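Inside the fold
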Amino acid sequence: MGTPFISLLEPTRLDGYDSSLPHDQQRDTLPPVFIDAMAAREAVFVQEQGIPLSHEYDEDDARSCHWVAYASVNIRRPPGSPGGGGTQEPGPEPEPEPGEEGQETTPAARSPETRSVPIGTLRIVPFPHPPHPPPGARYANNVLLPSSPPSTSTSTSTSTSSSSPLPSSSPPQTAQTPLERERQQSALPFGPDRRTTYHDGREPYVKLSRLAVVPDFRGLNIATQLWVAARRWLEEHPDYFNPSVAELGMDQLRVGAVGDIPRWNGLVLCHAQESAIGVYERWGFRVDQAMGKWYEEGIPHFGMFARLDIKRSDPKV
Ligand SMILES: CC(C)(COP(=O)(O)OP(=O)(O)OC[C@H]1O[C@@H](n2cnc3c(N)ncnc32)[C@H](O)[C@@H]1OP(=O)(O)O)[C@@H](O)C(=O)NCCC(=O)NCCS
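Worth saying up front: this structure is predicted, and the values here are computed from it rather than measured.

**Structural notes on the site of the ligand**
Lining the immediate surroundings of the ligand are 22 residues, of which Leu211, Gly219, Asn221, Thr224 and Arg282 lie closest. Between Gln273 and the ligand, the recorded distance is 3.5 Å, taken from a side-chain N or O atom to an oxygen atom. One of the side-chain nitrogen or oxygen atoms of Arg282 is found 2.6 Å away from an oxygen atom of the ligand. Within the complex, the protein chains bury 71% of what would otherwise be the 910 Å² of accessible surface of the ligand.

And the structure:
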């Protein structure tokens with residue numbers, strides 16, 4: 001197929017999004033591109049993989065960049081309907097028809113016979129992130145389940161998401177490790193993480209997640225085109241997520257400590273479903289053996305890292 005149209009939604013407030021409702025029952029004040037991302041995610045993660053609807057949206061969505069791929073679909077009009085010649089039927093019936101190179105630049109309908117529908121999505125979550133999941137851990141709705149092994153990186157943070165609640169029954173507290181102490185004392189959110197194969201535990205990374213292509217459009221390079229679009233954007237905007245000195249308050253804390261400001265240097269992590277490892281490997285990601293295997297919503301996951309080739313620039317002030 002040709003190139004689908006791809007839209008980017010930069011971080012934005014998603015106030016009022018109700019995670020208990022499907023995308024087509026949300027407020028019409030929410031960004032359409034985000035609603036379309038949720039349409040694709042619901043089709044894949046909720047309907048196909050059986051993940052509860054209320055677990056699909058999370059607090060990382062508002063701070064992430066979302067890419068959504070659209071295809072142009074034909075709307076079959078029976079004879080008699082407007083533009084047809086017979087009796088009108090209730091609604092349009094989309095017919096999968098991949099998009100074409102050189103499509104227009106909005107996902108809006110182009111003619112009474114065609115419209116654009118979301119067929120795939122991914123998001124990039126900026127740093128900071130909660131600690132890497134402990135090997136063998138089990139998460140539901142981003143919360144570490146109590147039966148999971150205690151994290152080796154911290155005794156206080158248990159979630160794969162930045163703002164999820166702590167589990168009700170935490171494992172017994174043991175003496176703090178030096179890393180745990182450092183985390184508690186860190187001026188930055190989350191502080192350092194445990195060292196893994198490709199991550200020193202400190203370097204800022206962005207996270208590729210919620211990659212989904214609806215079943216009818218798989219095997220057509222849609223996921224690859226989404227990743228190419230996201231990767232190109234990251235390479236062109238390497239400082240986009242870097243905090244400024246003023247944002248961190250470091251101008252007041254330690255004058256001149258610019259070296260302490262987290263700066264993204266091209267490192268990308270994904271939490272890959274085991275069945276999708278091959279896709280990420282084609283894109284240059286490598287399994288991080290030290291991260292081990294854990295389970296999100298009952299699905300086995302592995303950590304995979306890639307490093308993009310970005311130009312360095314001076315930190316924002
Ligand atoms: C994984 C998924 C996004 C791939 O989407 P897609 O549009 O079919 O992928 P592409 O067509 O761009 O394929 C990219 C490459 O990976 C290969 N590939 C596709 N699915 C694969 C899989 N499950 N395992 C290994 N390789 C796969 C393709 O053959 C292609 O290889 P090539 O470049 O050598 O030809 C899609 O199957 C999906 O949504 N799956 C369910 C949700 C999911 O698993 N998401 C990932 C969560 S971590």
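**Quick word on the side chain of Arg123**
By the secondary structure assignment, Arg123 is in strand E4 (residues 114-125). For Arg123, a relative accessible area of 2% gives the class buried. Within the local environment of Arg123, its side chain forms a polar contact with the side chain of Asp58, the two groups lying 2.9 Å apart. Looking at Arg123, its side chain comes within polar contact range of the side chain of Ser209, at 2.7 Å. Once residues within four sequence positions are removed from consideration, Arg123 is found in contact with Arg41, Asp58, Asp60, Asp61, Ser64, Cys65, His66, Lys207, Leu208, Ser209 and Arg210.

**Here's the deal with the packing of aromatic side chains**
Counted by the stated rule, this structure contains 13 aromatic pairs. Ring centres 5.4 Å apart and planes at 55° place the aromatic pair Trp227 and Phe285 in the tilted group. Residue Trp227 is located in helix H3 (residues 222-236), and its partner Phe285 is located in the loop between helix H6 (277-282) and strand E9 (286-287); the two are separated by 58 residues in the primary sequence. Under the relative-accessibility criterion, Phe285 is labelled buried at 0%. Within the aromatic cluster, the residues linked to one another by ring pairs are Trp67, Trp233, Tyr240 and Phe241.

About the criteria used
- Residues numbered from 1 in each chain as written.
- Predicted model: local features only at pLDDT ≥ 70, side-chain atom pairs only at ≥ 80, totals over all residues.
- Heavy atoms only, no water.
- Near = heavy atom within 4 Å.
- Polar contact = N/O pair within 3.5 Å; in protein donor to acceptor, adjacent residues only side chain to side chain.
- Areas by Shrake-Rupley, 256 points an atom, 1.4 Å probe, with all protein chains shown as cover.
- Helix = DSSP H or I, 4+ residues; strand = E, 2+ residues; numbered from the N terminus.
- Buried < 20%, exposed > 50% of the residue type's maximum accessible area, 1.4 Å probe, protein only.
- Contact = heavy atoms within 4.5 Å.
- Phe/Tyr/Trp six-rings, centres within 6.5 Å; stacked < 30°, edge-to-face > 60°.

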